[in-house]
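# Structural characterization, general
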Amino acid sequence: MTDKAWRFGAEELVYIKEVLESGLGASTFGTMNQRLEKAFAQRFGVRYGITHNSGTSTLHACLAAAGVGPGDEVISPALTVISNAFVTLHQNAVPVFTDIDPETFNMDVEDLRRKITPRTKAIMPVHLYGLPCDMDPIMELAAEHDLVVIEDAAQCFLGAYKGRLAGTIGHLGSFSFENTKHMSTGDGGIVITDDENLAQAVRQFSCIGFGMITADSGRVRSKAFAFQDPDYKRHTAFGWQYRLPEVAAAVGLAQVARLDDYVDRRRQIWEMYDEAVADCAYLIPQKAPEGYKNACWTFAARYEGESELGVSWHDFAKKFQEYSGEGIYAAWSVAYLEPALVAQRFYGKGCPIRCPLYEGEVDWRAGLCPQAEAIQPKLMQFKCNIGDMDHARAQADALRKTVEFFGATVH
Ligand SMILES: Cc1ncc(COP(=O)(O)O)c(C=O)c1O
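Residues numbered from 1 in each chain as written. Predicted model: local features only at pLDDT ≥ 70, side-chain atom pairs only at ≥ 80, totals over all residues. Heavy atoms only, no water.

## A look at the overall build of the chain
Put simply, the rule is: Only DSSP runs of H or I covering at least 4 residues are called helices, and only runs of E covering at least 2 are called strands; the numbering of each starts at the N terminus. Only C-alpha atoms enter the radius of gyration, while the globule expectation follows 2.2 Å times N to the 0.38, with N the number of residues. Residue exposure (1.4 Å probe, protein chains only): buried if accessible area is under 20% of the type maximum, exposed if over 50%, otherwise partly exposed. Areas reported here follow the Shrake-Rupley algorithm with a probe of radius 1.4 Å; residue values treat only the protein chains shown as occluding.
When helices and strands are tallied, the chain shows 15 helices and 13 strands. By the compact-globule yardstick of 22 Å for 411 residues, the chain fits well, its C-alpha radius of gyration being 22 Å. Counting only C-alpha atoms and orienting by the principal axes, one finds that the chain spans roughly 80 × 55 × 35 Å. Counting across all 411 residues of the chain, residues that qualify as buried make up 55%. Carbon and sulfur atoms form 52% of the exposed surface of the chain, whose accessible area is close to 17700 Å².

As structure tokens, this is what we get:
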């Protein structure tokens, strides 16, 4: 087996064959999606799972289900993928950014407290690189201000916070099945929740508002003769088409059965990197406070070698590659400094509802979240998504040699 093929096995092919042999009757949520939803919800101990075609459409559906609309504010951390800001903008709502904690790299809860206003409607904590956020104070603030909490657990499968799985603590949990994630359907995602009304709203939004849809069923037809009646009205809600194809769901069903193994493997690889930098004072790993269990999407660390050693991020990365390291992944830019947001390249300017976005009140510029801006250029991520453990060991070894080359400790 090549290192690229290790993630997919014979079970995927069995389920895919089953889908194709079924002839794919209707294009709405089918059997494989239902099976994947049930298996995933069961593993996470929740009532509902609603599959989607990405971990961005999941976030969009969650905001819609939470009732986020024009002029509302949605708070997410400055350091995350652009998706959170974009889906907020798609609801004609205003993205508000919190700074990050310098040790966990996750949402700074004190800054969150400061950023809540009477317009705030939802919070999207992001469990960055697999490490859960500090959820207790987030849920307390949400209860105090009547806010909906949407956990973005795209990178955090089976990560835990004080004994509870990430994604099951907020009102809604969102996961991505994109290729780099703990389990993959190529592209895809899932929303989980215990709330029947939210589950139904998410599912309807993601399946063009079909009225027949319920919290646990994506079925859009009852009796054929009713559906075929010219007077039949199908759509009772507004929505998009975010369904996961059945073939992708077949892959997901096989993957979810192996999810624990995938996560364990990443945790083992994370430990290898952690050991490699144990004596290094200038590469500081993301810190999991007591009671947190990291899902280890990547091994993330803050590189202080530029100031401590006079060795740039790029020179360190180059040396790592010379020792056969595969490459070091940088962090995304803080979201509000991405050109699309700086230039406010989105629609809705004509929206008749009073909204700070359209009245020039929103000004995204450097200095908004100083910790995130200072830490983002220093972040280094090392890949934990590796099939062959010898190859993983070689990667950790390359990191150890790089650290030794530049001097492990700083005096
Ligand atoms: C934290 C986070 N949220 C959301 C997403 C969006 O997921 P997708 O790529 O499946 O749309 C990603 C994917 O990169 C992510 O890392």
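## Focus on helix α3 (residues 57–65)
Counting along an α-helix, one turn takes 3.6 residues, and residues three or four places apart therefore face a common direction. Most of α3 sits out of view: eight of its nine residues are buried. Considered for burial, the residues of α3 that qualify are S57, T58, L59, H60, A61, C62, L63 and A65. At the C-terminal side of α3, G67 shows a positive phi close to 80°.

## Some points on a nonpolar patch on the surface
Note the following rule: Two joining distances apply to patches: 9 Å for like charges and 5 Å for nonpolar side chains (Val, Leu, Ile, Met, Phe, Trp, Tyr), and every residue must have over 30% relative accessible area and no salt bridge. We define a salt bridge as a side-chain nitrogen of Lys or Arg found within 4 Å of a carboxyl oxygen belonging to Asp or Glu.
Among the surface-exposed residues, L20, L24 and V247 lie close enough to one another that they form a single nonpolar patch of about 240 Å² accessible area. Within the secondary structure, L20 is located in helix α1 (residues 10–21).

## A word on the environment of Y329
Our working rule: By definition in these notes, contact holds between two residues if any of their heavy atoms fall within 4.5 Å.
Mapped onto the elements, Y329 comes out in the loop between α12 (313–322) and α13 (339–342). Setting aside its immediate chain neighbours within four residues, Y329 contacts W313, L379, M380, Q381 and K383.

## Some remarks on the sheet that holds strand β6 (residues 160–161)
We count it as follows: Two strands pair under a simple rule: DSSP has to find at least two bridges between them.
Here we have three strands laid out as an open sheet, ordered β7-β6-β11, and antiparallel in their pairing. Of all strands in the sheet, those bounded by a partner on one side alone are β7 (164–165) and β11 (292–293). Pairing of β6 with β11, which is carried by two bridges, proceeds in the antiparallel orientation. Paired with A160 across the bridge in β11 is K293.

## Things to note about the sheet that holds strand β2 (residues 73–77)
As a reminder, the rule being used: The axes used here are C-alpha line fits, helices contributing only the stretch in contact, and every angle between their N-to-C directions lies in the interval 0 to 180 degrees.
Pairing is mixed in the open sheet, where seven strands are placed in the order β1-β9-β8-β5-β4-β2-β3. Strands at the two margins of the open sheet, each flanked by one partner only, are β1 (48–52) and β3 (94–98). Going across the sheet, the axis of each strand differs from the next one's by a mean of 25°, ignoring polarity. As paired elements, strand β5 (residues 148–152) and strand β8 (residues 172–176) share three bridges and run parallel to each other. Across the sheet, residue E151 finds its bridge partner in β8, namely G173. This element, helix α4 (residues 83–90), spans β2, β3 and β5 of the sheet and lies at about 150° to β3. Contacts between helix α7 (residues 196–205) and the sheet are confined to β1, β8 and β9 (189–193), with β1 contributing the most and set at about 15° to the helix.

## Let's talk about the site of the ligand
Filter applied, for reference: By convention in these notes, a residue is near a molecule or strand provided one of its non-hydrogen atoms lies within 4 Å of it. Identification of polar contacts relies on pairs of N or O atoms within 3.5 Å, with a donor-acceptor requirement for protein atoms, meaning one able to donate a hydrogen and the other able to accept it, and with residues adjacent in sequence counted only if both atoms are side-chain atoms. The residue classification treats Ala, Val, Leu, Ile, Met, Phe, Trp, Tyr, Cys and Pro as nonpolar and Asp, Glu, Lys and Arg as charged. All others, Gly included, are polar.
The immediate surroundings of the ligand are formed by 15 residues, with G55, T56, D152, Q155 and S176 found nearest. Residue G55 places a main-chain N or O atom 2.7 Å away from an oxygen atom belonging to the ligand. Between the ligand and the protein, one listed contact pairs an oxygen atom with a side-chain N or O atom of T56 at 2.6 Å. When the free accessible area of the ligand is taken as 390 Å², the share hidden by the protein chains comes to 88%. Broken down by class, the residue content of the shell around the ligand amounts to four nonpolar, eight polar and three charged.

## Re unusual backbone geometry
Although it is not a glycine, C296 adopts a positive phi angle of roughly 55°. Examined against the element boundaries, C296 turns out to sit in the loop between β11 and β12 (298–303). Residue classification places C296 among the buried positions, given a relative accessible area of 5%. Of note in this structure, S324 is not a glycine but carries a positive phi near 70°.

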